[in-house]
Amino acid sequence: TPDDFLDLFVAWARPPFPGIRDLLDTLAARYPMACLSNLNPLHWQKVSSEYGLGWFFPRRYLSYEMGLVKPNPEIYQAVIDDLDVAPETILFLDDTPENVEAARAIGINAHLAHGTNLRQRCTELELL
């Protein structure tokens, strides 16, 4: 049924990895944080509110609100323009190689990071 489909669809948003809140808390205390996401409104609501990750990101760039999606270069340029900073001053972590390459192509300091290795990646980048 449509209701069953909707329940299953919303459930696709998996819970955060263990330790992610502590990691984000540490990073948010040291750096201005923003989120650029291709999540749809239902998944963003679950991740932001139910899983409690939204407050870590005072600046949110959500593709469904912007009418653009990663890896379209226009979405990265919109973030750069809104933040009013040089692209190389932005550290962008993403779990999709295409998104990382697109961000790098316009000068953003972009790196591949998966949830399970995010802490290790942040350590390698000397963020911790």
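Anything mentioned here points back to the structure above.
Let us look at the structure shown here. These numbers were taken from a predicted model, which means no experiment stands behind them.

### Quick notes on the nonpolar core
Side chains of a nonpolar character, in soluble globular proteins, are inclined to be buried together.
Reasoning step 1: Ranked by internal contacts, the top residues of the largest apolar core, which has 18 residues, are Ile20, Leu24, Leu27, Leu53, Phe57 and Leu118.
Reasoning step 2: For this core, the secondary-structure elements that each account for two or more residues are α2 (20–30), α3 (41–50) and α7 (118–124).
Reasoning step 3: Per element, the largest residue contribution to this core is 4 residues, and it comes from α2.
Reasoning step 4: When neighbours within four sequence positions are excluded, Ile20 is seen to be in contact with Leu53 and Leu118.
Reasoning step 5: If you look at the next biggest cluster of nonpolar residues, it comprises 14 residues, including Ile75, Tyr76, Val79 and Ile80.

### A few points about the state of the cysteines
Reasoning step 1: Scanning the entire structure with this criterion turns up 0 disulfides.
Reasoning step 2: Left without a disulfide partner, Cys35 is nearest to the cysteine sulfur of Cys122, which lies 14 Å away.

### With respect to the side chain of Lys70
Reasoning step 1: Within the element layout of this structure, Lys70 appears in the loop between α4 (63–66) and α5 (73–83).
Reasoning step 2: Side-chain polar atoms of Lys70 contact the side chain of Asp94, separated by 2.7 Å.
Reasoning step 3: Setting aside chain neighbours within four positions, we find Lys70 in contact with Leu36, Ser37, Asn38, Ile75, Tyr76, Phe92, Asp94 and Asn99.

### Describing the environment of Pro71
Reasoning step 1: As for its placement among the helices and strands, Pro71 is situated in the loop between α4 and α5.
Reasoning step 2: As a C-alpha pair, Pro71 and Leu6 span 65 residues in sequence and 26 Å in three-dimensional space.
Reasoning step 3: Apart from the residues within four sequence positions on either side, Pro71 is in contact with Tyr76, Glu98, Asn99 and Ala102.

The rules we used
Residues numbered from 1 in each chain as written. Predicted model: local features only at pLDDT ≥ 70, side-chain atom pairs only at ≥ 80, totals over all residues. Heavy atoms only, no water. Core = buried A, V, L, I, M, F, W, Y, C linked by side-chain atoms within 4.5 Å. Buried < 20%, exposed > 50% of the residue type's maximum accessible area, 1.4 Å probe, protein only. Helix = DSSP H or I, 4+ residues; strand = E, 2+ residues; numbered from the N terminus. Contact = heavy atoms within 4.5 Å. Disulfide = S-S within 2.5 Å. Polar contact = N/O pair within 3.5 Å; in protein donor to acceptor, adjacent residues only side chain to side chain.

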